[in-house]
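An overview of the molecular structure
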Amino acid sequence: MHFQWYPGHMTKAKRMMQENIKLIDLVIELVDARIPISSRNPDIDELGKNKARLVLLNKSDLAEEKWNDAWAEYFKEKGYSVVKVNSKKGGGIKSIQGVIREACKEKIERDRKRGILNRPVRAMVVGIPNVGKSTFINALAGKACAKTGNKPGVTKGKQWIRLNKQVELLDTPGILWPKFEDQEVGLRLAFIGSMKDEILNTEELAAELIKFLSRAYPDVLPEKYAVELNEDPYIVLHEIAKNRNCVVRGNELDTEKAAILLLDDFRNGRLGRLTLEYPETCE
């Protein structure tokens, strides 16, 4: 499977972000805690250089806690402020405003010396599609001020959100980058739902996920679906279809339905807390 998804609106969104960066004091970058490096757009580092940086390990409730801690250390060592968050349930949200002030303390101090008081910190919220930016903004603002949806591409244009007198946020659309140098990155992004499922071969994707889980978390599939692991992931998928009664007319097994079920269970944390990449492999 070859992974690529870069629709036209992403080029436009990137241009808009480049135009607005001069207004910004802080770049708040959301990454998916299960794949913190694969879910980072490499263009963001170029865009945000010379700006204060805050990395949010979002969906941290879906990843293993020991790896969340390891990733937080990894980013801190690189000079980022880091917070583990779970935007859907509000985990970590209360600490964000304090961290924003701390990350921008040099800028606030510079303003104070110039006699500029009470100018709000302006933060740009960035991240790839379906990483949870709008859900995070709504949780932080305490109201539904940004559209949300559990599919990539819900936010199409920019919108400013005033949190309070101290902080203003610029919400931006989720953007990927034009070419994945490493197709493993594309595979992980497809696992978490950051590409449109319509452009993917669902059964092939599920087979790749089965391969990964059999290697890294060998107990998960047998416990969840009462299947035996097999070197051939399609045999396991066939067994999942059988055990979950995924059938089409004529009692034939529907492996595509089983593949959708497996991906959905993974994406929504029903397989438990799973981390797909680790700091030591990213040095």
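Numbers given for residues are sequential positions, taken from 1 along each chain in its written order. The predicted nature of this model means local features are confined to residues of pLDDT at least 70 and side-chain atom pairs, given and counted, to a pLDDT of 80 or more, with totals for whole chains, interfaces and linings taken over all residues. For the side-chain quantities, the full set of heavy atoms in the structure was used; hydrogens and water were omitted.

So, about the overall build of the protein chain. The numbering of helices and of strands both runs from the N terminus, where a helix is a DSSP run of H or I of at least 4 residues and a strand a run of E of at least 2. Helices and strands together make up the secondary structure of the protein chain, namely 11 helices and eight strands. A total of 283 residues make up the protein chain; the buried ones form 49% of that total. The long-range share in the protein chain, meaning contacts at least 24 apart out of those at least 6 apart in sequence, stands at 68%. Accessible surface area values rest on a Shrake-Rupley calculation with a 1.4 Å probe, where residue burial reflects the displayed protein chains alone. Within the structure as shown, the protein chain displays about 14000 Å² of accessible surface, and the carbon and sulfur contribution to it stands at 48%. We call a residue buried when its accessible area falls under 20% of the maximum for its residue type, exposed when it is over 50%, and partly exposed in between, using a 1.4 Å probe and counting protein chains only. Whether two residues touch is decided by their heavy atoms; if any such pair falls within 4.5 Å, the residues are in contact.

With respect to the secondary-structure elements, Arg 34 resides in the loop between β1 (26-32) and α2 (43-47). By relative accessible area, Arg 34 is classed as buried at 1%. Through-space distance from the C-alpha of Arg 34 to that of Trp 71 is 9.9 Å; in sequence the pair is 37 residues apart. We call two N or O atoms a polar contact when they sit within 3.5 Å, provided that within protein one can donate a hydrogen and the other can accept it, with sequence-adjacent residues counted only if both atoms are side-chain atoms. Of note is the side chain of Arg 34, whose polar atom sits 3.5 Å from the backbone oxygen of Arg 267.

Side-chain atoms within 4.5 Å are what join buried Ala, Val, Leu, Ile, Met, Phe, Trp, Tyr and Cys residues into a set we call a nonpolar core. Ranked by internal contacts, the top residues of the largest apolar core, which has 71 residues, are Ile 28, Leu 56, Phe 136 and Leu 169. With residues up to four places along the chain from it excluded, the contact list for Phe 136 reads Ile 28, Leu 30, Leu 56, Ser 87, Ile 93, Ile 96 and Val 125. Within the second largest apolar cluster, 12 residues are counted, among which are Met 16, Met 17, Ile 24 and Ile 44.

Our focus in this paragraph is the side chain of Ser 38. Relative to the assigned elements, Ser 38 resides in the loop between β1 and α2. By relative accessible area, which is 1% here, Ser 38 ends up buried. In this structure the side chain of Ser 38 is engaged in a polar contact, spanning 3.0 Å, whose partner is the side chain of Arg 188.

The subject of this paragraph is the sheet that holds β1. What holds strands together in a sheet is hydrogen bonding between their backbones, with the strands either parallel or antiparallel. Pairing between two strands is assigned when DSSP locates at least 2 bridges connecting them. Across the sheet, six strands lie side by side as β3-β2-β1-β4-β6-β5; this open sheet has mixed pairing. Sheet topology places β3 (81-84) and β5 (159-162) at the edges, where each strand pairs with a single neighbour. For this sheet, the mean inter-axis angle between neighbouring strands, taken without regard to orientation, is 25°. Only the stretch in contact is used when a helix axis is fitted, and all axes are lines through C-alpha atoms; the angle between N-to-C directions ranges over 0 to 180 degrees.

The salt bridge criterion pairs a side-chain nitrogen of Lys or Arg with a carboxyl oxygen of Asp or Glu, the two atoms within 4 Å. Using the criterion set out here, one finds 24 salt bridges in the structure. As a salt-bridge pair, Asp 32 and Arg 34 come within 2.8 Å of each other at their nearest N and O atoms. This pair shows no difference in class: Asp 32 is buried, exactly as Arg 34 is. Measuring nitrogen to oxygen at the nearest pair gives 2.8 Å for the salt bridge that ties Arg 162 to Glu 168. A relative accessible area of 48% means that Arg 162 is categorised as partly exposed. Given a relative accessible area of 12%, Glu 168 falls into the buried group. Here the salt bridges do not stand alone but share partners, grouping Asp 25, Lys 107, Asp 111 and Arg 119 into one network.

Shape is all these values report; function is a separate question.
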